[in-house]
Amino acid sequence: MTSVQMSATDEMVEGFLDHASRGDLVRVSDMICYSSKLLNESGKQGWTALMLAARNGHFDLVKALLSKGCNKDLKNKSGQTAHDIAKFWGHKHIADLLVGDGKIRDILPSTGVTEHENYFSREYLSRMSDKRTDSGWLSAKQSSPETVFLLFHNLDPLVTSGPEHMNNSQAKLKLCRLKRDSVGVLLKKSDIVVVFLGVEKQECSSLSSVSKEEDGLIAWFALNVEENPSEILKIEDSHSFFLQGPMPTLLMLNEDEGGIIAQARSVLAWHSRYSFCPTCGGKTKVAEGGYKRTCLTEGCKSLLGIHSTCYPRVDPVVIMLVIHPDGNQCLLGRKKTFPPGMFSCLAGFIEPGETIENAVRREVMEESGVTVGPVRYVSCQPWPMPSSLMIGCISVAVSTDIKVDKDEIEEARWFTRQQVIDAIVKSSKAVLTMPPRQAIAHYLVKHWTCLNSNL
Ligand SMILES: NC(=O)c1ccc[n+]([C@@H]2O[C@H](COP(=O)([O-])OP(=O)(O)OC[C@H]3O[C@@H](n4cnc5c(N)ncnc54)[C@H](O)[C@@H]3O)[C@@H](O)[C@H]2O)c1
Ligand SMILES: [Mg+2]
Ligand SMILES: [Mg+2]
Ligand SMILES: [Mg+2]
Ligand SMILES: [Zn+2]
């Protein structure tokens, strides 16, 4: 490393530790997203971000650093851990957190990969799957004035751009949280599928609404209609409309709502595609809060034991960043449908009877002609178009000649680390564009640029 690069790294670490010392959760989280290595970096006297947050009583920051997988057992040059520091400075709640947390994590051997929250991944609601079979509870919740209903028209969610909804949010759009009065007409229709999404987690329920509910739980449901329902519904918000998409419009919501959409759209899409029993072609009825379709034909094989066609499907997809054997280039491709200049990671559906690693090797060979050796899991992302789980991997090529499958890929190329960094930071020197930050492809590339040049 040159002295110029060295001082740039030192400067980044120093800035990071300074934000941690001041308890700036937003800046610290942003920097970890860019480089997870910062988590365990130390500055003067061996103080890490966790130690500085513990010293200054920043409880939320300590919690966030632990959840990102930082090492709480590191010692500074005086031999103190973050726990010792919190205790010494009288931050008992932080000291307790540092003792209590980590026990489970410590059992797992470190893989060097920490859990990363991608767009569409956030669990804003608690799914409460045990309530799906409690029809009395579900119907009481559907009648409750506190319950939230999300409405979709042909899988496009009803959103609002009204200024009154935009407080404290950077997102330009927000899901319309309808109440029973607005959707009552639809709930009476026998052909409408209503999916129970879950209940608001206790910390996101406002206290005023908790007191109005007997069990304190605010339930959320989603429904999809094929005819445009605007005429028959009582929707007072003049800024509301069905967000046509799904891509790239679904990426315009905030992270909480991205997670809700991932669940709601996938289950509703399953209902709209599986109207009849896949086993015998017979009629089905919706059960378990929208999480099951039971065949109505007597003697159908799907009624014997547990039959996978009765439950919402998820398609696993591998998406991989392939690293050149020189460690300093990565392989990206473009489909014909991509905007001009955009390249992304290669991806493909896992086939029956295939491991994640073998699917990575097969798809890369099929699409680019490159042979892949070792494969490592990095992160995953629900992708509700209609219901995939993107399994993000990083892998190393053992051959470098490219021969693209012209049916799927228009072009595949090796790009240098500098070229992809220029693309990520949208530099004027960039020779390609990358998918937006909400796509796991973007995260995989960012993740690689923070790793050592040799995997
Ligand atoms: N989040 C991201 O960053 C990101 C990036 C790239 C791709 N994706 C998604 O990954 C998915 C798969 O990528 P791909 O299209 O390159 O896959 P792919 O390379 O396997 O090729 C797709 C083809 O595979 C066949 N196929 C096999 N199983 C299928 C299934 N279960 N559903 C649909 N088609 C199936 C179809 O013929 C289809 O045309 C796409 O849905 C795409 O939207 C997401
Ligand atoms: Mg593909
Ligand atoms: Mg393919
Ligand atoms: Mg394929
Ligand atoms: Zn059947």
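Structure shown above.
Fair warning: this is a prediction, and the values are worked out from it, not measured in the lab.

**Looking at the overall build of the protein chain**
Of the regular secondary structure elements, the protein chain holds 14 helices and 15 strands. The C-alpha radius of gyration of the protein chain comes to 25 Å, within 12% of the 23 Å expected for a compact globule of 455 residues. Projected onto its principal axes, the C-alpha positions of the protein chain cover 70 × 60 × 45 Å. Expressed as a percentage of its 455 residues, the buried residues of the protein chain come to 47%. Relative to all contacts within the protein chain whose residues are 6 or more apart in sequence, the contacts with residues 24 or more apart total 70%. Working note: accessible area of the protein chain is about 23500 Å², and carbon and sulfur atoms make up 52% of it. For the protein chain, the distance from the average position of its 51 positive side-chain charges to the average position of its 53 negative side-chain charges is 2 Å.

**Quick notes on the nonpolar core**
Of all hydrophobic cores here, the largest spans 54 residues; its most connected members are F120, L150, L197, W220, L321 and L332. Looking at this core element by element, the count peaks at seven residues for helix α11 (residues 255-273). Taken together, domain 2 (125-273) and domain 3 (315-449) each give at least three residues to this core, which thus spans both. The contacts of L150, once residues within four sequence positions are left out, are L175, C176, L197, W220, F221, A222, L223 and I260. One finds A20, I32, L38 and A49 within the second-largest nonpolar core, a separate group that totals 28 residues.

**Overview of the coordination of the magnesium ion (ligand 3)**
Protein ligation of the magnesium ion (ligand 3) involves E363 (OE), E367 (OE) and E408 (OE), the donor distances falling in the range 2.1 to 2.5 Å. In the primary structure, the donors to the magnesium ion (ligand 3) are separated according to the pattern E-x3-E-x40-E. Among the residues examined, E408 registers a relative accessible area of 27% and is labelled partly exposed.

**Quick notes on the site of ligand 1**
Every one of the 16 residues lining ligand 1 counts as a neighbour, but K335, A347, F349, E367 and E408 are closest to it. Between F349 and ligand 1, the recorded distance is 3.0 Å, taken from a backbone N or O atom to an oxygen atom. Within the side chain of E367, an N or O atom sits 2.7 Å from an oxygen atom of ligand 1. Relative to its unbound accessible area of 850 Å², ligand 1 is 60% covered by the protein chains. For the shell around ligand 1, the secondary-structure elements that each account for two or more residues are β10 (315-323), β12 (346-349), α12 (356-368), β13 (372-383) and α14 (440-449).

Scoring rules and cut-offs
- Residues numbered from 1 in each chain as written.
- Chains lettered and ligands numbered in written order.
- Predicted model: local features only at pLDDT ≥ 70, side-chain atom pairs only at ≥ 80, totals over all residues.
- Heavy atoms only, no water.
- Helix = DSSP H or I, 4+ residues; strand = E, 2+ residues; numbered from the N terminus.
- Rg over C-alpha atoms; globule rule 2.2 N^0.38 Å.
- Buried < 20%, exposed > 50% of the residue type's maximum accessible area, 1.4 Å probe, protein only.
- Contact = heavy atoms within 4.5 Å.
- Areas by Shrake-Rupley, 256 points an atom, 1.4 Å probe, with all protein chains shown as cover.
- Lys, Arg positive; Asp, Glu negative; His and termini not counted.
- Charge placed at Lys NZ, Arg CZ, Asp CG, Glu CD.
- Core = buried A, V, L, I, M, F, W, Y, C linked by side-chain atoms within 4.5 Å.
- Domains from an automatic or database assignment.
- Donors = N, O, S within 2.8 Å, 3.2 Å for Na, K, Ca; no water.
- Near = heavy atom within 4 Å.
- Polar contact = N/O pair within 3.5 Å; in protein donor to acceptor, adjacent residues only side chain to side chain.

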